[in-house]
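# Summary of structural features
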Amino acid sequence: MKRILKNCLIAACWLLLWQLGAMAVGSPVLLPSPWETAKAFVALAGTGFFWKTAGATLLRVAAGFLLGMAAGAALGILTAFSRLADDFLAPIRGIIKATPVTSFIILVWLWLTTTLTPVFIAFLMVTPIAWANVREGILAVDAQLLEMAEVFRLPRAKKLRHVYLPSVLPQWLAACTTGFGFAWKSGVAAEVIARPALSIGRNLYESKLYLNTEELFAWTAMVVLLSMLLERLLVRAMRRIRK
């Protein structure tokens, strides 16, 4: 109850500051009030289009996230066990990390459809995170445990389960939680530029284009709420897997 009360008070303080800012600006086009944003959100939430759009965005981000985690895990395993592969693929990992996501969105949009562009961008942002974490987890395995496994001639399956998995799993779970945030933000950003038919990003762009700031804030609130909810569910799932 204390935690709930504290969170409510913090939220009330920020809403009050938002309201004061809206009153100081005096223009809902520049900064709508919390009440105007809430009305726009409720109006949008009462339509089927709103939930179809949110579902379509979620499917794109989830597809890119899962593909990125799988590809990153495979590349992490490959580069951990092969020095040649690590040296050969290291520039790609560095390029992906260093290049702004907007540049990738524009480039990918030239090659893929508007629907596939957010999927690929989410995949591209998640892959190096999973790649680095899985690689580091494998390289961090205790050498003495590996020697013991060799002495006792453990089968490959048992060596994987009892030696490598305890070291890699925490790193991979950490990559899941971090990577999902990157996938969500980059996927929505790609939708803003590529503008697929059913997407939160397209509606963000059109709300800004027509100066419908209340809907712009309402769609942004949807992005934030979905991100917080899904991240919390993911963290709970990760804790169960770790146990």
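Now for a look at the structure at hand. Note that the structure is predicted; figures quoted are calculated from it, not measured. (Residues numbered from 1 in each chain as written. Predicted model: local features only at pLDDT ≥ 70, side-chain atom pairs only at ≥ 80, totals over all residues. Heavy atoms only, no water.)

### Comments concerning the overall build of the protein chain
Looking only at helices and strands, the protein chain features ten helices and zero strands. When its helices and strands are written in sequence order, the protein chain yields α-α-α-α-α-α-α-α-α-α. Computed over its C-alpha atoms, the radius of gyration of the protein chain comes to 22 Å, more than 25% above the 18 Å expected for a compact globule of 243 residues. When the backbone C-alpha atoms are referred to their principal axes, the protein chain occupies close to 75 × 50 × 30 Å. (Helix = DSSP H or I, 4+ residues; strand = E, 2+ residues; numbered from the N terminus. Rg over C-alpha atoms; globule rule 2.2 N^0.38 Å.)

### Details of a nonpolar patch on the surface
On the surface, Ile10, Trp14, Leu16, Leu17, Leu20 and Met23 cluster together into a nonpolar patch covering about 670 Å² of accessible area. With respect to the helices and strands, the residue Met23 is situated in helix H1 (residues 2–25). Assessed through its relative accessible area of 56%, Met23 is described here as exposed. (Patch = residues over 30% accessible without salt bridge, like charges linked within 9 Å, V, L, I, M, F, W, Y side chains within 5 Å. Areas by Shrake-Rupley, 256 points an atom, 1.4 Å probe, with all protein chains shown as cover. Salt bridge = Lys/Arg side-chain N within 4 Å of Asp/Glu carboxyl O. Buried < 20%, exposed > 50% of the residue type's maximum accessible area, 1.4 Å probe, protein only.)

### A short note on helix H4 (residues 83–98)
If you check H4, its first and last C-alpha atoms are 22 Å apart, about what 16 residues at 1.5 Å a residue would give, namely 22 Å. For H4, the complete set of buried residues consists of Ala85, Asp86, Leu89, Arg93 and Ile96. Its buried side turned inward, H4 meets helix H3 (48–81), helix H5 (101–111) and helix H6 (116–139). (Expected span 1.5 Å × (residues − 1). Contact = heavy atoms within 4.5 Å.)

### Comments concerning the nonpolar core
Buried together is how nonpolar side chains tend to be arranged in soluble globular proteins. Ranked by internal contacts, the top residues of the largest apolar core, which has 28 residues, are Phe65, Met69, Phe180, Trp184 and Ile200. Elements with a contribution of two residues or more to this core: helix H2 (34–45), H3, H6, helix H8 (156–194), helix H9 (200–209) and helix H10 (213–242). Looking at this core element by element, the count peaks at eight residues for H10. If sequence neighbours within four positions are ignored, Phe180 has contacts with Val61, Phe65, Ala175, Leu230, Glu231 and Leu234. (Core = buried A, V, L, I, M, F, W, Y, C linked by side-chain atoms within 4.5 Å.)

### Let's talk about the packing of H3 against H4
Look at H3 against H4: their axes get within 5 Å of each other, and the N-to-C directions meet at 120°. The angle between the axes of H3 and H4 places the two elements in the oblique class. Touching Leu75, Leu78, Thr79 and Phe81 of H3 are Arg83, Ala85, Asp86 and Leu89, all from H4. Looking at the contact of H3 with H4, its residues break down into five nonpolar, one polar and two charged. (Axes fitted to C-alpha atoms, helices over the stretch in contact; angles between N-to-C directions. Parallel < 35°, antiparallel > 145°, perpendicular 65-115°, else oblique. Nonpolar A, V, L, I, M, F, W, Y, C, P; charged D, E, K, R; others polar.)

### What to know about the pattern of salt bridges
According to the stated counting rule, one finds six salt bridges in the structure shown. Put simply, Asp86 and Arg135 hold a salt bridge, and the shortest N to O gap is 2.9 Å. Here Asp86 is found in helix H4, whereas its partner Arg135 is found in helix H6, with 49 residues between them in sequence. Asp86 gets classed as buried once you look at its relative accessible area, which sits at 8%. Judged by its relative accessible area of 16%, Arg135 is buried. Between Arg202 and Glu206 there is a salt bridge, with its nearest N and O atoms 3.2 Å apart. With Arg202 and Glu206 both in helix H9 and four residues apart, the pair spans about one turn of that helix. Through salt bridges with shared partners, a single network forms among Asp86, Arg93, Arg135 and Glu136.

### Section: the environment of Val29
Of note, Val29 is situated in the loop between H1 and H2. The sequence separation of Val29 and Lys208 amounts to 179 residues, and the corresponding C-alpha distance is 9.7 Å. Residues in contact with Val29, not counting those within four places in the same chain, are Leu211 and Thr213.

### Topic: the packing of aromatic side chains
Given two aromatic rings, their pairing is described by the distance between the two centres and the angle made by the two planes. Per the stated rule, a full pass over the model turns up seven aromatic pairs. Between Phe65 and Phe180 the ring centres are 5.6 Å apart and the planes differ by 90°, which places this aromatic pair in the edge-to-face class. Placement of the pair is Phe65 in helix H3 and Phe180 in helix H8, with a sequence separation of 115 residues. For the pair formed by Phe65 and Phe180, the shared burial category is buried. Residues Phe120 and Phe123 carry aromatic rings whose centres are separated by 5.7 Å and whose planes lie at 45° to one another, so their mutual orientation is tilted. Of this pair, Phe120 and Phe123 both sit in helix H6, three residues apart, which is roughly one turn of the helix. Directly above the ring of Trp131 sits Arg93, whose terminal nitrogen or CZ lies 4.8 Å from the centroid. A cation sits over an aromatic face here: Arg195 above Tyr205, 4.4 Å from the ring centre. (Phe/Tyr/Trp six-rings, centres within 6.5 Å; stacked < 30°, edge-to-face > 60°. Lys NZ or Arg CZ within 6 Å of the ring centre and 35° of its normal.)

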